[in-house]
Amino acid sequence: MFNEKFLEVIKHEGVVSIVTCGTDGAHVSNTWNSYLTVVEGNKILIPAAAMIKTEKNILENNIVKLTVGSHEVMGYRYMGTGFLLEGTAKFLREGEYFDMMKEKYSFLTRVLEVTVNSCKQTL
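Just so we're clear, the structure is a prediction, and the values are computed from it rather than from any experiment. (Residues numbered from 1 in each chain as written. Predicted model: local features only at pLDDT ≥ 70, side-chain atom pairs only at ≥ 80, totals over all residues. Heavy atoms only, no water.)

**Here's the deal with the overall build of the protein chain**
Looking only at helices and strands, one finds 3 helices and 7 strands in the protein chain. The secondary structure elements of the protein chain, listed N-terminal to C-terminal, are α-β-β-β-β-α-β-β-α-β. A compact globule built from 123 residues should have a C-alpha radius of gyration of about 14 Å, and the protein chain, at 14 Å, falls within 12% of that. Each principal axis of the C-alpha distribution contributes one length, and for the protein chain these read about 40 × 35 × 20 Å. By residue count, 46% of the 123 residues in the protein chain fall in the buried class. Excluding contacts between residues fewer than 6 apart, the proportion of contacts in the protein chain whose partners are at least 24 apart in sequence is 66%. (Helix = DSSP H or I, 4+ residues; strand = E, 2+ residues; numbered from the N terminus. Rg over C-alpha atoms; globule rule 2.2 N^0.38 Å. Buried < 20%, exposed > 50% of the residue type's maximum accessible area, 1.4 Å probe, protein only. Contact = heavy atoms within 4.5 Å.)

**Thoughts on the nonpolar core**
In this structure, Phe 6, Ile 46, Leu 85 and Leu 112 are the most contacted members of the largest nonpolar core, which totals 24 residues. Looking at this core, the elements with two or more residues in it are α1 (4–9), β1 (15–22), β4 (43–48), β5 (63–74), β6 (79–92) and β7 (110–121). Ignoring any residue separated from it by four or fewer positions in sequence, one finds Phe 6 in contact with Ile 44, Val 68, Phe 83, Leu 85 and Cys 119. Membership of the second largest hydrophobic core comes to 9 residues, among which are Val 39, Leu 92, Tyr 97 and Met 101. (Core = buried A, V, L, I, M, F, W, Y, C linked by side-chain atoms within 4.5 Å.)

**Describing the pairing of β1**
Sheet topology places β1 next to strand β2 (residues 25–32); 8 bridges connect them, and they run antiparallel. Looking at β2, one finds that Ile 18 is bridged to Ser 29. In textbook terms, the turn of a hairpin is the stretch between consecutive antiparallel strands, and for β1 and β2 this stretch comprises 2 residues. Across 4 bridges, the pairing between β1 and β5 is antiparallel. Considered in β5, the bridge of Val 19 is made with Lys 65. (Pairing = 2+ DSSP bridges.)

Shown next as structure tokens:
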């Protein structure tokens, strides 16, 4: 699912935007590239400590969009590239992935699991 360019991007620090939509409209929360963990080929795990509105929206509508980028990776023509990811999400409070992420990020209270069905380079 994820190409080498995307995997290179998440090795460099940058901001990740997570977009959800609930009954009162769109909401954006942010995290860091370094917090993304790819599993199963098309899933991304993200540690969550707050993300209260994000969780509320996902309970109403589990469709999410993420943008990920780095100015340190070559894009189509110039340095800097980014990706738009689309998929579905849920929050994990227990289980193998929760335990694995809790070992890495002691601050988390939940894990945001995003199942990606589209990953498009934008720059």
